[in-house]
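Observations on the model geometry
Here's the letter readout for the chains.
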Amino acid sequence: MSLMIRKPKTRKGKQILLAREPQLIEAAKQMLVVEGRKCSGNIKTFLKDVHQLKKPLCKVLNRSNDITPFEDPSSLEFLALKNECTLFVLGSTSKKRPDNLVLGRLFENEILDLIELGIKQYASFAEFSSEKVGTCVKPCLVFSGPKWNQTEELRRLRNLLIDTFQRDKVKAIRLQGIEHVISFTCLEDLSIAMRSYKISLKKSGQKTPRIELTEIGPRSDFSIRRTKIASEDLYKQSRRQPKEIKVSKKKNLSRDGLGNSHGRIHIGRQDIQKLQTRRMKGLKKTSEIK
Amino acid sequence: MEVVKEILEKQQKDLEKYKPITVEKHLDCRIDVGTLLITDPNDLDEGLLKENKEEYLKDITRDNLQLLINEIWTLPTERVEESIVAVLPLPTTSLPRSRKIPGPKVMTKWEKFAKEKGIQKKKKDKKVFDETLDKWVPTYGFKRADAEKQKEWVLEVPKNVNPMEDMFQKKIDLRQEKVAKNEIQRMKNIVRAKRQETPRAGYLGPEAASSTQLLTAATIAKASTASVGKFQAKIAKEKQARGIGVKELIPGSKRKASHLSTVPEKEANLDLIRSVLHKKPKIDVDKAVSLQKKESRLEREAMEDGGQRKKKGGKGGKKGGSGGFKKSKGGKKPKGGMGQRAPGKKNAIGRKRR
């Protein structure tokens, strides 16, 4: 409603404004890739690789922007709103925070989570000579390590990483199309190792294949720096799903071993009086009854 | 029997050729097949990690992924355009939305009124037959203005207006005024729709709150003491908050009944008419008694007056000659306390009490 204060003059304009209103079923989140004040080589290649990984759901801003999201997020919120992105990654480097990445997401055009990561070690896509995966491939995500569940910040970071790398939600997946896996391991010193592998499905003598992996990059080790996560209340509110999407349990339905589904329906009591039986002379109504 | 054994052995050999697809884990992994996600809470092996980090990470990932793949391969499959797809269940990981869930559309003032009164939208025909033009003309939109121009090519100047006034211009102005009014109403509807989201009571901050909101907040705050604001100091030229529904917010003040009664409109109106037409005078017993008393007293006094006048005539009309009680002349009430005075007792010393 808020966008409609100035009435759109054309039908197309109206459609665009309507698309910006909150939707019941949302499209996949777009990601904004922004360069900060100054970028080192590592950060530049990382941003390039993120673009490669995210491709059609990604928007790259080439110029450097003087943005410090922890101090003043307004300009970042503005850029995200203009580009219709709700995820963002901002790279910068400084003496105090070398090779700095800020990952985050927005809710209602305001910043929900902000997590700062420092790159400790980085190897880009180009450094691996192995065969790459195609674009628009939905990756499998693997989170290993007992630390992931330790603090709220880490839990939120895991959620953010899932949000960032999961691509669109799909109803079905081609079995041969599962060819990329991104793994995040939380190590003992709370640093995060990100690895990306190509999956090859090998014969196993059974229906399910055996998996073999080859690393394709990017490979990086992150350290967690500053965090600014949303309050529990707001986070809960942002995750609320509409009633319409929730599936209600269907009653009176069962499946048998062959995969057929059986339904049970209820019909009212049959009226025997009106039942059509075989006509016979003897059963004919007499004139008295008439 | 030997044949069976042979086949089984052969199969065993075949299986040995391949590496296993089963994975042993100490703790169960959480798998979300809908998002192709697996979370492994098992401890990492520090020794192996130090020895060869890359190899170890790859092994862990492979094992976890194998678990996920095993799960995916058990899903029901479909054939879509020469390829086999697995139908994924709904994701169990809840991720934040990018916008709120859209709420119900807020009704405009007219829509609300129409719903209350049960007014339904009538669909107009796109074209109506015009008898002066003798053809079908559009009711709105394309070429409607054109048809209007053809129809009203001349306009009558009424007697009571200035003959030099341009009637065509007047018509245009009238129309523009209507458009402007409509725009204002649209804006008001937007404001009304916005206002529903903000709380009616409470302080919104100096930037956001309007003067009426501030006044309401002040009034509510003042009345929110244990004694409903009875002992609060009053400021000079203080105003009380007013408006629809404000009283409900102020503690201690009475609610007004809704103008919408539970009785249907027609019945309520009929009741009203009936009460007016069949009006009967009320009998107030006290009033009747007092009236009766007054009448009888007047009568009595008239009788007495007749007797006294004779006496007066004898006395020569002197007023209050003798001391003591005067007899009252007319229907004057005796003053409070005047009648019962102790004659011997002196009045209390001090200022005169009234």
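Residues numbered from 1 in each chain as written. Chains lettered and ligands numbered in written order. Predicted model: local features only at pLDDT ≥ 70, side-chain atom pairs only at ≥ 80, totals over all residues.

Things to note about the overall build of chain B
Rule in force here: Helical segments are the DSSP runs of H or I of at least four residues, strand segments are the runs of E of at least two, and each set is numbered from the N terminus. With C-beta atoms placed from the backbone, the exposure class of a residue follows from how many other C-beta atoms lie within 10 Å of its own: 20 or more, buried; 12 or fewer, exposed; in between, partly exposed. Whether two residues are in contact is decided by their C-beta atoms, placed from the backbone, lying within 7 Å.
Scanning chain B from terminus to terminus reveals 10 helices and six strands. A buried classification covers 7% of the 354 residues belonging to chain B. Intrachain contacts of chain B at a sequence separation of at least 6 include 45% that bridge at least 24 residues.

Focus on the interface of chain A and chain B
Put simply, the test is: In the scheme used here, Gly and all other residues not listed as nonpolar or charged are polar, with Ala, Val, Leu, Ile, Met, Phe, Trp, Tyr, Cys and Pro taken as nonpolar and Asp, Glu, Lys and Arg as charged.
Taken together, the contact pairs 59 residues of chain A with 48 residues of chain B. Counting residues per element, the ones that place at least two in the side of chain A that touches chain B are β4 (100–107), β6 (140–144), α4 (152–165), β7 (172–174), β8 (180–186), β9 (192–202), β10 (210–215) and α5 (232–238) of chain A. The biggest single contributor to the side of chain A that touches chain B is β6 of chain A, with five residues. Here the residues of the side of chain A that touches chain B sort into 26 nonpolar, 15 polar and 18 charged.

Regarding the pairing of β4 of chain A
Residues and elements named next belong to chain A. Quick note on the threshold: The criterion for strand pairing is that DSSP finds at least two bridges linking the strands in question.
The buried count for β4 comes to eight of eight residues, which makes it a mostly enclosed element. Residues Asn100, Val102, Gly104 and Leu106 of β4 are buried on one face, and the alternating residues Leu101, Leu103, Arg105 and Phe107, pointing to the opposite face, are buried as well. Where strand β3 (residues 87–92) lies against β4, six bridges are found, and the strand directions are antiparallel. Within β4, the residue paired with leucine 87 across the bridge is arginine 105. Here eight bridges tie β4 to strand β5 (residues 110–123), and the two strands are oriented antiparallel to one another. Following the sheet pairing, asparagine 100 is matched in β5 by glycine 118. The hairpin turn running from β4 into β5, its antiparallel successor, is two residues long, and glutamate 108 in that turn takes a positive phi close to 55 degrees.

Focus: the sheet that holds strand β4 (residues 83–87) of chain B
So the rule is basically this: Axes here refer to lines fitted to C-alpha atoms; in helices the fit is confined to the stretch in contact. Angles between the N-to-C directions go from 0 to 180 degrees.
If you walk across this open sheet you meet the three strands as β7(A)-β4(B)-β3(B), and the pairing is antiparallel. Of all strands in the sheet, those with a lone pairing partner are β7 of chain A together with β3 (77–80) of chain B, marking the two edges. Each strand axis lies, on average, 35 degrees off the axis of its neighbour in the sheet, ignoring direction.

A word on helix α1 (residues 2–17) of chain B
Quick reminder of the rule: Expected helix span is computed as 1.5 Å times (number of residues minus one).
Here α1 of chain B spans 23 Å end to end across 16 residues, near enough to the 22 Å set by a 1.5 Å rise per residue. By the criterion of burial, α1 of chain B is predominantly exposed, with just zero of the 16 residues buried.

Digging into unusual backbone geometry
All names here are of chain A. Note that the residue after glycine 217, namely proline 218, is joined by a cis bond; omega there is 0 degrees. Relative to the helices and strands, proline 218 is located in the loop between β10 and β11 (219–228). The phi torsion at asparagine 109 lies on the positive side, around 60 degrees, for a residue other than glycine. Looking at where asparagine 109 falls in the secondary structure, it is placed in the loop between β4 and β5.

Looking at the confidence of the model for chain A
Short version of the rule: On a range of 0 to 100, pLDDT expresses the predictor's confidence in each residue.
The pLDDT averaged across chain A works out to 90; a share of 98% of its residues lies at or above 70. No element of chain A has a lower mean pLDDT than strand β12 (residues 253–255) of chain A, at 85, and none a higher one than β3 of chain A, at 96.

Some details on the nonpolar core
Burial of nonpolar side chains together is a common tendency in soluble globular proteins. Where we set the bar: Joining buried Ala, Val, Leu, Ile, Met, Phe, Trp, Tyr and Cys residues through C-beta atoms within 7 Å gives a set, and that set is a nonpolar core.
Counting 56 residues, the largest nonpolar core has Leu32, Phe88, Val89, Leu101, Cys140 and Leu141 of chain A together with Leu65 of chain B as its most contacted members. Filtering out sequence-adjacent residues up to four positions away, leucine 32 of chain A remains in contact with Lys59, Leu61, Leu79, Ala80, Asn83, Cys85, Leu87 and Phe88 of chain A.

Overview of the environment of leucine 187 of chain A
All names here are of chain A. Turning to its location among the elements, leucine 187 is positioned in the loop between β8 and β9. On a C-alpha basis, the gap between leucine 187 and tryptophan 148 in space is 9.3 Å, while along the polypeptide they are 39 residues apart. Once residues lying within four places of it in the same chain are set aside, the contact partners of leucine 187 are Gly145 and Ala193.

Let's talk about the pairing of β5 of chain A
Alignment of β5 of chain A against β11 of chain A, held across eight bridges, turns out to be antiparallel. Bridge assignment links leucine 114 of chain A to a residue of β11 of chain A, and that residue is lysine 228 of chain A.

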